[in-house]
Structures are given as structure tokens and as C-alpha cells.
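# Chains, contacts and geometry: an overview
Listed here are the chains, written in short residue letters.
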Amino acid sequence: MKGQRIVFVDERVVEIEDYEVEAPSGHQVLVKTTASLISAGTETTMLALPLDSPRALTEVPWPAYPGYSNVGEVVEVGRNVDGFAPGDRVLTMGIHSTYTMLDLGGDRPDYIEKVPESISDVSATFGILGSVAIHGFRNISTQIGDSCAVIGQGVVGQLVGQLARIGGCCPVIGVDLFSERLESSRESGFDHVVDASSRDTEEAVMEITEGRGVDLGLEATRNPATLKTLLKIGALGGNIVIVGSLPGTVDISLWTELQHKELSIHGIWQPRAPIDGNHYYPWTQRRNRRVILDLIADGRLKVDHLVSHRPRIEEAAATYEMILRGGTDWMGIAFDWT
């Protein structure tokens, strides 16, 4: 049996590749993909930079196979598999491909999670990016009533802002240059939005917080210059958290906006969340993803309005080109494999 998968064969070059799909054996599970969500930050960093660049996220040479938010249906299982059967809908970290083969044996089995019946396949793909957002929120100490600003209102920015509200932050402020995304932020439940294309962000945030600044500032863009803004709007003793994929460098004022205000800057990378938890830190990657699925299932985390495009695999090259252009004509993008 043959399948197809998306492959980056060179910088900014996207192709579709045929490959052989074998039957599962032993502890293997074969999943047929129905939807896979693009992680715009990670995947465009892979695509737009040579993979041997010091700034790249991986040292794997071309070709590179993107994707890690995959939902599908189990079609066949190996003889030693327990707990999964054909017909089960599951969330995996499979690439953008027709089929995903998972190995559930050994000390580090591949990730697989059953999808709640009340969640659509597309909504369930947010379980992985949602865990990126929740890992960022877990790594700082917040209190009910802490003010929060999220710069960047793409998918991760809106997810982490919603999680901040669920966690008791108030007000939660969304900041972006694009009014279309800010309309989506209102639907996500943000208390305030700031259009940075028409108003000074520092002035607006200080007005909303009555001159205090925000206790929690979250960076969810691909522009390192936004770190300067977060330092300016941070309250005394505030926390600045970098959640998204942020390439590049920036000069900051160590005294005026960092030391003088006793701010803390946190770099967050979801793969640092533990595989095996303990009583000091029980929030494993698997548990975080399960929490996201449960929050989506009971309606507290809204994701359907974040999906702007459902391209077919044949549209992969044009889709990534659209993302690399930036702009306001896309938000969450989930490939349709049905």
C-alpha cells in the first residue's frame, strides 16, 4: 500500500512524496490520517532557514518531514497491542502524511491518545499546540486576578490567552497588528484587545491596567523586537514568557526595564516538559495534552473559530507560501486527508 506525505526538500521548497505503507507488527499501530494541523512557527522556521543554520530548530539535513499534530483512525494493530483497536479515533504526533505508524513498545513508546467522542477531528488536532501553550503557562507562578498581556494573536497566542483566563488572570489583553486576528481574540474571550498598528501598545496597556503594567507578559510572535515592548509593559516583579518559536536577537535595557523593575524572563520549549512525572512536577507532556482535549470537550477552550483553512495535500506548496508571506488571510490551517 502506498501513502503520501509532505516533504521539505530544500529551503522554501515543498513537495509531495509517495512512500510504502507496511502492515503493523508486534507493538505497532497503523493510523489513517483525517486531519493534521500546521504548527506555523516551527514549520516555517524549518522551511525558511537552511537546516544546517545555527538558528534552525533541528540538525536533520534535507529532506525534512514537517508536522506533529495529527488525528486519524486506527486501521490495524500489531498482535501485541492492547488498548487500541481498529476504528478508534486518536491524536498522535505523526507528520503530515496519509498514514502514521506508531510503535507502542519499549521504554519510550510513541505518543497516542484516544479522542473524546464530542470533539471533531480538526478540533482534536489542537491537543498538541495546546500543550505548547499550557506548558508556557505552567512554568510561572500566577495568582487569581493577575493581569496578563499576550503579544501575537495567532493560534498559540490565542490558546495561551484563553488558558490564562481559565487560570484566573484578569484582565487578559490581546495585542496584534492585524484587526482580523483581534476580532478572533474577542471570540476567544480576551477582556481587551490592542491594535498595535494604530495605537501605542505601552500607552494602551498602561491605560487598561491603571498605570501598573501586567503581571504576566507572553510573547507569541516571530518578531524578537516584541520582547522590548513586553519589558516596558511589565509590572514590578512581573514575568515575561517566550512561548512561540522566536528566532533572532534583540538588544534590551538591563537596568531600566529589567533590573529596576525586577522582571523575570522565561524561555519556554514544550519538549522540556517531562515524559515521566513525579510528585514535585506531575505535568507530563501526555497529561498536558489530555487536559487540553478535556478543556475543548467541555467548551472552556474554544478552537473551532481558529481554523481559517482546510487545504488538501495537493495545495501544500501554496499553503506554506501563504504562511511565509505573513499577513491576515490565514489563522489555523489543518490539512484535510479525508
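Our structure's up above, just so we're on the same page.
In what follows, the accompanying structure is described.

Our next topic: the overall build of the protein. When its secondary structure is counted, the protein shows 10 helices and 15 strands. A globule of 338 residues ought to have a C-alpha radius of gyration of about 20 Å, and the protein, at 20 Å, matches this closely. When its C-alpha atoms are laid out on the principal axes, the protein stretches across 65 × 45 × 35 Å. The buried share among the 338 residues of the protein stands at 52%. Considering only contacts within the protein whose residues lie at least 6 apart along the sequence, 69% involve residues at least 24 apart. Accessible surface computed for the protein: about 15,400 Å², of which carbon and sulfur atoms make up 49%. A distance of 3 Å separates the average location of the 29 positive side-chain charges in the protein from that of its 46 negative side-chain charges.

With that settled, the discussion passes to the pattern of salt bridges. According to the stated counting rule, one finds 15 salt bridges in the structure shown. Put simply, K2 and E20 hold a salt bridge, and the shortest N to O gap is 2.6 Å. With K2 in strand β1 (residues 2–10) and E20 in strand β2 (residues 13–20), the pair connects residues that are 18 residues apart, well separated along the chain. Here K2 matches E20 in class, with each residue exposed. Measuring nitrogen to oxygen at the nearest pair gives 3.1 Å for the salt bridge that ties R108 to D276.

Glancing now at the pairing of strand β5 (residues 89–92). Bridge count for strand β4 (residues 70–77) against β5 is 4 bridges, and the pairing is antiparallel. Within the sheet, the bridge partner assigned to G72 lies in β5 and is V90. Where β5 and strand β7 (residues 112–114) come together, 3 bridges link them in antiparallel fashion. Residue pairing for β7: V90 is matched across the bridge by K114.

Below, the discussion takes up the packing of aromatic side chains. According to the stated counting rule, one finds 3 aromatic pairs in the structure shown. When the centroid spacing of 5.1 Å and the interplanar angle of 90° are considered together, the rings of F8 and Y320 count as edge-to-face. Of the two residues, F8 is situated in strand β1 and Y320 in helix α10 (residues 316–325); the sequence distance between them amounts to 312 residues. In terms of burial, F8 and Y320 fall into one category: buried. Between F335 and W337, the aromatic rings sit 6.5 Å apart at their centres with planes inclined by 65°, giving edge-to-face as the arrangement.

All right, on to unusual backbone geometry then. The residue after C170, namely P171, is reached through a cis peptide bond having omega -5°. Within the secondary structure, P171 sits in the loop between α4 (155–166) and β9 (172–176). The residue R12 is not glycine, and still its phi comes out positive at about 65°. Relative to the helices and strands, R12 is located in the loop between β1 and β2. For R12, a relative accessible area of 46% translates into the label partly exposed. The residue E210 is not glycine, and still its phi comes out positive at about 55°. Residue position: E210 is located in the loop between α6 (201–208) and β11 (214–219). For E210, a relative accessible area of 75% translates into the label exposed.

The next thing to look at is the sheet that holds strand β12 (residues 234–242). Ordered by their spatial adjacency, 6 strands build an open sheet running β10-β9-β8-β11-β12-β13, and the pairing between neighbours is parallel. Every other strand in the sheet has two partners, leaving β10 (192–195) and β13 (264–267) as the edge strands with one partner each. Sheet twist, expressed as the mean angle between neighbouring strand axes with direction ignored, is 20°. As defined by bridge partners, strand β8 (residues 148–151) adjoins β9 across 4 bridges and the pair is classed as parallel. Within β9, the position partnered with A149 by the bridge is I173. Across the face of the sheet, helix α5 (residues 179–188) comes into contact with β9 and β10 while running at roughly 175° to β10.

So, about the environment of T201. Along the polypeptide, T201 turns up in helix α6. A sequence separation of 28 residues divides T201 from T229, and the C-alpha atoms of the two residues are 7.6 Å apart. Once residues lying within four places of it in the same chain are set aside, the contact partners of T201 are V175, V194, A196, T229 and I233.

A few words on the side chain of E113. Of note, E113 is situated in strand β7. At 3.0 Å, the side chain of E113 and the side chain of R290 are in polar contact. Setting aside anything within four residues of it in sequence, one finds E113 in contact with R89, V90, L91, R286, R290 and L293.

Of all 6 residues in β11, 6 are buried; the element is thus mostly enclosed. Bridge count between β8 and β11: 4 bridges; the pairing is parallel. Residue I151 lies in a different strand from β11, and its bridge partner there is E219. In the sheet, β11 pairs with β12 via 5 bridges, with the strands oriented parallel. Counterpart to V214 in the pairing with β12 is G234. Each parallel crossover has a hand, and for β11 linked through helix α7 (residues 226–233) to β12 it is right-handed.

Quick notes on the rules
- Residues numbered from 1 in each chain as written.
- Predicted model: local features only at pLDDT ≥ 70, side-chain atom pairs only at ≥ 80, totals over all residues.
- Heavy atoms only, no water.
- Helix = DSSP H or I, 4+ residues; strand = E, 2+ residues; numbered from the N terminus.
- Rg over C-alpha atoms; globule rule 2.2 N^0.38 Å.
- Buried < 20%, exposed > 50% of the residue type's maximum accessible area, 1.4 Å probe, protein only.
- Contact = heavy atoms within 4.5 Å.
- Areas by Shrake-Rupley, 256 points an atom, 1.4 Å probe, with all protein chains shown as cover.
- Lys, Arg positive; Asp, Glu negative; His and termini not counted.
- Charge placed at Lys NZ, Arg CZ, Asp CG, Glu CD.
- Salt bridge = Lys/Arg side-chain N within 4 Å of Asp/Glu carboxyl O.
- Pairing = 2+ DSSP bridges.
- Phe/Tyr/Trp six-rings, centres within 6.5 Å; stacked < 30°, edge-to-face > 60°.
- Axes fitted to C-alpha atoms, helices over the stretch in contact; angles between N-to-C directions.
- Polar contact = N/O pair within 3.5 Å; in protein donor to acceptor, adjacent residues only side chain to side chain.
- Right-handed = clockwise from strand over helix to strand, strands pointing away.

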